[in-house]
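Notes for the structure review
If you want the building blocks of each chain, they are given just below.
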Amino acid sequence: MSGCRFTAAKTVAEAVDSLVAAKGDGHIIAGGVALVILMNEKLLQPSWLIDISRIDELKGITVGADRTIRIGAAVTHREVARSSEIAAVYPMLTEMASEIACGRIMNRGTIGGNICLADPQGDPPVAMLALDATFRIAGPGGKREVPARSFFEDLYVTALGEDELLSDIHIPAPVTNTGTAFGKFAARKAMDYSSTISTAVSLVRDPNGGGIAEIGLGLGGCGVTPVWPEKTEAVLRGRKPDDETFAVMRATLADEIEPIGDSLYSADYKRRVAGIILTRTVKMAYQRTEGASQ
Amino acid sequence: MSVDITLTINGQRRALTVEPTDTLVSILRDRLGMTGTHKDCCMGICGSCTVLVNDRPVSSCLLLAAQIDGDAVRTVESLESKGSLSPLQEAFLTFGAVQCGYCTPGFLMTATSLLEETPSPSRDEIVEALKGNLCRCTGYKKIIEAVESVANA
Amino acid sequence: MTSRWMEPEGEKFALGSLDEQAHWKHEYHRIVDDVREQVRGKGSKLLGAERGGVETDTVGQPLPRNDVLYKVRGKARYAANIEMEGMLHACFVRSEHPHARIIKVDTSQAEKASGVQAVITAADAGDELIGTLVTDTPVLAKDRVRYVGEAIAVIAADTLEAAAAACLLVEVEYELLPAILTPEEALAEGATEIDPEGNVIISLHNERGDIEAGLRDADVVLESSYDVEQIDHCFLEPPSGVAFIDPDGVLTVMVCTQYPHYHHKQIARVTGLPMEKVRVVQTVVGGAFGGKMDNTVEIALALLVLKTERPVRMTYTREEVFTTTTKRHPMKIRQKLGATNDGKFTALDVEYLLDGGAYRSYSITVSGRCVIHAGMPYLFPNMRVDLTTAFTNHVPCGAMRSFGIVKTAFALESQINEMADRLGISQIEIRRRNGFIDGDKTATGQTLYDVGFLKTLDAVEPIFERRKAELSAAPQVAGKRRGLGLACLGYGIGYSGIRNPSTARIRVDAAGTVTAFCGTPDIGTGSDMSLAQIAAQSAGISVNRVNVVSGDSTKTDDSGPTSASRTTYFSGNAAYIAGQDFKSQFEAAVARQMDVSADQVRLEADTVTVRNDRMDFADACHLIAGETGDIVGYGKFDPDIEANILTLKGNPYPTYTYATHLVEIEIDEELGSVDLVHVWAAHDGGTIVNPMGTEGQIEGGVAQGLGQAIMEKVVRENGYITNPHYRDYLLPGAKDVPLAIECIFIDNHDRTGPYGAKGVAEVSLIPIPAAMAGAVTDASAIRPTHLPMESEYLLGLIDQRDGGAS
């Protein structure tokens, strides 16, 4: 007997009601790929599991005529990776989702679950930060919105209250001359779960002069949370993507982030790698802006 | 608190009463005696527990059975039919794709799903599909060649 | 109580009814025959045209293995799959400290816990010590623990959850002792003693010629230090076993071990049971690589079964495998290499320092092999080799694929490459000038024969030259560089310096079923198939008739473990001799029935020919039905091996295998990360009994070499292993290992091997780290001396090259 209660919620309201009734002891489970590891390792013995994996309101990918994107929290990484509509708007999102771990994890893991876990190395948060996404959160008081850039508070701590769940993700439409890219560094080529560095870039090229008109960045593996490097964005804005700019970018980035050294890489190495990967990813995003030359 | 679920396992409907915390791998191996699906890391990395749920490969060690009520599960035991190996199984035999065999059911299920979805995958697509299954014996080459041989048949 | 898992002889695999088994055997033979049809006419060129008889030309054919059919069906009998009525589950209570006195072990709460059937501590285990080479290890820790994870108690309960919960209720009171974490600390003056005999497991010294003169005579002397971190076998199947008392009162342990006979003897000694009342049966082994020889679950299971009188099963968790099973020895190497300007080696002066962990395990064998192999496969007229292996308060280090030679080769081959570069001589040519040839004497004074080493260099040279030219002509991709690297190996087959005979028996029944009893078990490498091929070829019958029974301690003689690449050569020779004996006995029996002289009867190609009449082998069996029970071909292979491990003189191995590997890598100079792009592996294994199986071994070895080269390491902090998961212990996946691995088997025939075979199995990982290091040097002009060559480490070398960090 596990002594664990199970609710297969059919609606968001039902899920929220269960969370409230559980008084802080409830666990939302969608794909389960993060939660069940904790259970298998005996780090978590849940008393109430609230399954949201089949709630219709949490599913679906919608791309509006205005090219804004809405993704349900319980959409799997595979669904994001296979969505031709998303690929047409933000190739970077497709790249990011396709490179998560491996097929098995992509088939169950959800974008919402990954975001709410707030693993500093997780990839979806990194993309959300670059794209300036907004998260819609459902709770007993109804729905509220939190920008991705304010959502990640501390190690595995987000802006979610204990009786709230993430319901959907809203991504603004790209403006003209936008290019996006995602770049990752890891010690092996798949199933990268430790010590990875990832970077997401959304960039707008100024058609007059070719400078970086607007830029959105996100970083993984560079701190205790997924990182939104505002200062690094600032030094890129208005500049051309040349070697001097990138040198300034790397110097600013090195100062701005506090990566955590581990048994594989030191903090200084991670700083350096972040700079190199970001350089490559910015260049890639720039090349993808419509009409970009070389 | 137990949960009643129905799973279609290898084509057969099974009504089961499970604990919310029961993983699919423990139901398959310990409850149903279907030990073709293996268990090692229990964190979704090695792939030795791979089964298909609604035709897609998943880590059965990370899947709570209670969450897949009504779904279809396929394991390595489903690949043979009427006393014959599937072409993929036979290719694993003749290409030397199996040494100790512990990773084999996981690779077979992942490759089966790939071939159902993409009947003629390129070599790169095969490697991409199998990138998440660990093998310590073969170095992967003969596994990929075995899948390729069926892909190009 | 019976078990559906106690199948008839020869069947390792749990199946349904006998009809089903027969059906699948038929299916398997159909597939084998299909393969043989495809290779028909190609036969095996290594056997020569005079052999003829393609139907039984099985040696040299790429036949699929008999056990694989069950593995692809998901019906293979791994121990964790075995279920028995009334079975209990067990788990260990383990030390939380690297070094401590045990003051008290309080099991009272655990014993009362729900579902618990037995709690065993050192008090119940008796005073017998256990161990593989030296019995120095307590069954369960009694007065002291020497490493984090050392077993203190074991509990059996109705469910695994109950057993695990009860383990948490055992209270152990410790008095902490200073923990020794490195060999240097262990050897320091006044260090805390880990073992009653001190902190040195073994110290060895070997010399040849006059080392000081050799160093003086050199035009160039290179001196470097190298170090190699610890890695883990990472076989995917965690150690697992089931034990029970069979209807005849025999304590039976079914377990995934490389050495059933060893456990049989040890269990008998520890439990006090007579040998006839113990049986150890190997289950299907999900990988071993040297890590499934030492005791893991075996003795605990035996004690629990005796106490509870119920079957008991135990399976390690993956974390438990990482934190408690034997590991590779971390090693430091200080090496001087001297050569003249024309590339002739004059001196090798090397010191090895190994971390042996808390108990001796296979340290003596690893240490001996390292010293014996120093300088191999090259002739160094002057040598000095010193080795010390020390105890530390870590998990014991034991046997792992190549017994240390992957590490010694890393140092030697790297330094040879450096010497070649320094002298302006090609890396192939310098090896050619010094490599062993027939008639050379090794550092132990052994005269070598059938040495195919130079042929492996010859095979690789044109590829090396071609690829070098292609790479220099190819356009540079910014920030990425390609490089080529070369490394070689010479490796002795069999257990170092001690007699390790193998035996085989081949028996036939009236229906024509032939059973070959071979002591050395198949640990997933396919050795059962190779032995079946050799036995069948030698006996003159179809390989489809041969069932191999191996890995059962009561049905086969102790032929040593499956280890040290010895199975093809030792057990293959035994199978060959048994086959010849079988054939002559069979022919004699037919002759008696037909009233002719024995020399008029010939068994070949599954056919018996008597003068001009031919009959099928099965019909011949009917003919001599009354006698078939008495025909048992017997083979014992026990070559003259002797080396004094203290003087290191003599013939430590009956034969040696050699190889040259060429690799191509690509390095990203901004990040320091390396990809392995292409491998060409030229091997001298003599006759290759099963080319598909051997290729598979080589490809797998390359993958393991890649792991050791750039991504694997056991991280130890204050005696604790802090990366005991696949998340943080990185194994290469299908995207890391290149598909471009080409195996070249050079033409050679070992006059003492079965059909000229030597064995290849474990060695293919040996050259990879050195070859990759050499390729990194070629690409980026940096010389790595540390394994693993992680990207941060290589970037540091690149920074030094460029005069400081950017």
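Residues numbered from 1 in each chain as written. Chains lettered and ligands numbered in written order. Predicted model: local features only at pLDDT ≥ 70, side-chain atom pairs only at ≥ 80, totals over all residues. Heavy atoms only, no water.

As for the interface of chain B and chain A
Contact with chain B, which involves 32 residues of that partner, is made by 36 residues of chain A. A combined buried area of about 2,700 Å² lies between chain B and chain A, and 56% of that area is made up of carbon and sulfur atoms. If you sort the residues of chain B by the area they bury against chain A, L62(B), Q67(B) and K131(B) come out on top, with a joint share of 26%. Taken together, chain B and chain A are joined by 3 salt bridges. (Contact = heavy atoms within 4.5 Å. Buried area = accessible area lost by both parts, 1.4 Å probe. Salt bridge = Lys/Arg side-chain N within 4 Å of Asp/Glu carboxyl O.)

Remarks on the domain arrangement of chain A
When the domains of chain A are assigned, the result is domain 1 (5–51), domain 2 (56–171) and domain 3 (178–287). Relative to domain 3 of chain A, the C-alpha centre of domain 1 of chain A lies at a distance of 35 Å. (Domains from an automatic or database assignment.)

As for the pairing of strand 16 (residues 345–355) of chain C
All names here are of chain C. Across the 11 residues of strand 16, 10 count as buried, placing the element largely inside the fold. Both strand 15 (residues 331–339) and strand 16 contribute to a ladder of 9 bridges, which runs antiparallel. Counterpart to I333 in the pairing with strand 16 is Y352. A loop of 5 residues connects strand 15 with strand 16, the two strands running antiparallel in sequence, and G343 in this loop sits at a positive phi of about 85 degrees. Between strand 16 and its parallel partner strand 17 (residues 383–390), the chain crosses via helix 11 (residues 363–373), and the hand of that crossover is right-handed. (Buried < 20%, exposed > 50% of the residue type's maximum accessible area, 1.4 Å probe, protein only. Helix = DSSP H or I, 4+ residues; strand = E, 2+ residues; numbered from the N terminus. Pairing = 2+ DSSP bridges. Right-handed = clockwise from strand over helix to strand, strands pointing away.)

Considerations on the interface of chain C and chain B
The partner chain B presents 48 residues to the 57 residues of chain C that form the contact. With both sides pooled, the region where chain C packs onto chain B buries about 4,300 Å², and carbon together with sulfur makes up 60% of that total. Among the residues of chain C in contact with chain B, V72(C), L236(C) and L739(C) are the three that bury the most area, contributing 18% of the side total. On the surface where chain C and chain B come into contact, there are 8 salt bridges. Where E699(C) meets K142(B), a salt bridge forms, and the shortest distance between an N and an O atom there is 3.4 Å. Between the two partners, chain C and chain B, sit 25 residue pairs in polar contact (both at pLDDT 80 or more). Secondary structure elements with two or more residues in the side of chain C that touches chain B: helix 1 (18–39), helix 2 (68–73) and helix 19 (691–711) of chain C. Of the residues forming the side of chain C that touches chain B, the biggest block, 8 residues, is contributed by helix 19 of chain C. Within the side of chain C that touches chain B, the residues separate by chemical class into 29 nonpolar, 13 polar and 15 charged. (Polar contact = N/O pair within 3.5 Å; in protein donor to acceptor, adjacent residues only side chain to side chain. Nonpolar A, V, L, I, M, F, W, Y, C, P; charged D, E, K, R; others polar.)

Quick look at the sheet that holds strand 3 (residues 48–51) of chain A
Consider a sheet: its strands pair through backbone hydrogen bonds, and that pairing is either parallel or antiparallel. All names here are of chain A. Ordered by their spatial adjacency, 3 strands build an open sheet running 1-3-2, and the pairing between neighbours is parallel. Where the open sheet ends on each side, the last strands, each with one partner, are strand 1 (5–8) and strand 2 (26–29). Between one strand axis and the next, the sheet turns by 20 degrees as a mean value, whatever way the strands run. Most of the contacts of helix 1 (residues 12–22) go to strand 3, to which it runs at about 170 degrees, and overall it touches strand 1, strand 2 and strand 3. (Axes fitted to C-alpha atoms, helices over the stretch in contact; angles between N-to-C directions.)

Some words on the packing of aromatic side chains
All told, the structure shown has 27 aromatic pairs over all chains when counted by the stated rule. Seen from their ring centres, Y147(C) and Y359(C) are 6.3 Å apart, and the 80 degrees between their planes marks the pair as edge-to-face. Of this pair, Y147(C) sits in the loop between strand 6 (144–145) and strand 7 (151–157) while Y359(C) is found in the loop between strand 16 and helix 11, placing the two residues 212 residues apart along the sequence. As far as burial versus exposure is concerned, Y147(C) and Y359(C) are alike and both buried. Sitting over the ring of W48(A), R5(A) keeps its end group 3.8 Å from the ring centre. (Phe/Tyr/Trp six-rings, centres within 6.5 Å; stacked < 30°, edge-to-face > 60°. Lys NZ or Arg CZ within 6 Å of the ring centre and 35° of its normal.)

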